[in-house]
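Reading the structure
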Amino acid sequence: QVQLVESGGGLVQAGGSLRLACAASARTFSSYAMGWFRQAPGKEREFVAAIRWSGGNTYYADSVKGRFTISRDNAKNTVYLQMNRLKPEDTAVYYCAADSLLGRAGTTRLEYDYWGQGTQVTVSS
C-alpha cells in the first residue's frame, strides 16, 4: 500500500511563499504520477498541479500557473509544491495524490488511487 504524508502548510501573508512536501512510502514511487489538489471551505476539491514519473511533464491549473511549481525527487520519494505570490484565494487544504496505476498525471480526482490527509494553507490579506 502507498501512504502519503504532506507537510509544509501554514499561515502566510499575501504575496509570500510556502513549499509543500509529500513523502510517499512506496518503493516504486518513481513510476507514479503525482498530483496536488486543494479544497477550500464550501468548495469542491480542485486540481492544482501534477507531474509525471520522469519529472519532465508538469501540468497546472490556470489559477496557479506562473506562481506554483511542482517537482519531485524520486530518490527521496518526495514531491514538492512551491507556492509563490500567494493570494487569499489560495487558502485551502492541500492534498497530495498518487496515480500508481497509469501514471498519466491527470487533472481529475478519479485518476488518483492514493491520497494524503492534507495540509492547511492559509493566506492572510
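Our subject is the structure listed above.
If you're wondering where the values come from, they're calculated on a predicted model, not measured in any experiment. (Residues numbered from 1 in each chain as written. Predicted model: local features only at pLDDT ≥ 70, side-chain atom pairs only at ≥ 80, totals over all residues. Heavy atoms only, no water.)

Some details on the pairing of strand 7 (residues 68-73)
- Of the two faces of strand 7, only one is covered, namely that formed by F68, I70 and R72; the face formed by T69, S71 and D73 stays uncovered.
- The sheet contact formed by strand 7 and strand 8 (residues 78-83) spans six bridges and is antiparallel. Residue pairing for strand 8: F68 is matched across the bridge by M83.
- The antiparallel pairing of strand 7 with strand 8 creates a hairpin that spans four residues between the two strands, and N77 there sits at a positive phi of about 55°. (Buried < 20%, exposed > 50% of the residue type's maximum accessible area, 1.4 Å probe, protein only. Helix = DSSP H or I, 4+ residues; strand = E, 2+ residues; numbered from the N terminus. Pairing = 2+ DSSP bridges.)

Details of the side chain of T78
- Locating T78 in the fold gives a position in strand 8.
- At 2.9 Å, the side chain of T78 forms a polar contact with the backbone oxygen of K76.
- Excluding residues that lie within four positions of it along the chain, T78 makes contacts with A21, C22, A23, F29, S71, R72 and D73. (Polar contact = N/O pair within 3.5 Å; in protein donor to acceptor, adjacent residues only side chain to side chain. Contact = heavy atoms within 4.5 Å.)

Quick look at the pattern of salt bridges
- Applying the stated criterion to the full structure yields six salt bridges.
- With its nearest N and O atoms 2.7 Å apart, the salt bridge here joins E46 to R38.
- Of the residues examined, E46 reaches a relative accessible area of 29% and is grouped as partly exposed.
- Shared partners join several salt bridges into a network, and the residues in it are R38, E46, R67 and D90. (Salt bridge = Lys/Arg side-chain N within 4 Å of Asp/Glu carboxyl O.)

Examining the nonpolar core
- M34, W36, V79, L81, M83 and Y94 are the most contacted members of the largest nonpolar core, which has 37 residues in total.
- Looking at this core, the elements that each hand over two or more residues are strand 3 (18-24), strand 4 (33-39), strand 5 (46-51), strand 7, strand 8, strand 9 (92-99) and strand 11 (119-124).
- If we skip the residues at most four places from it in the chain, M83 touches G16, S17, L18, L20, R67, F68, Y94 and V121. (Core = buried A, V, L, I, M, F, W, Y, C linked by side-chain atoms within 4.5 Å.)

Looking at the pairing of strand 1 (residues 4-7)
- Residue alternation in strand 1 divides its side chains into a buried set, L4 and E6, and an unburied set, V5 and S7.
- One ladder, built from four bridges, connects strand 1 with strand 3; its direction is antiparallel. For S7, the partnering residue across the bridge sits in strand 3 and is A21.

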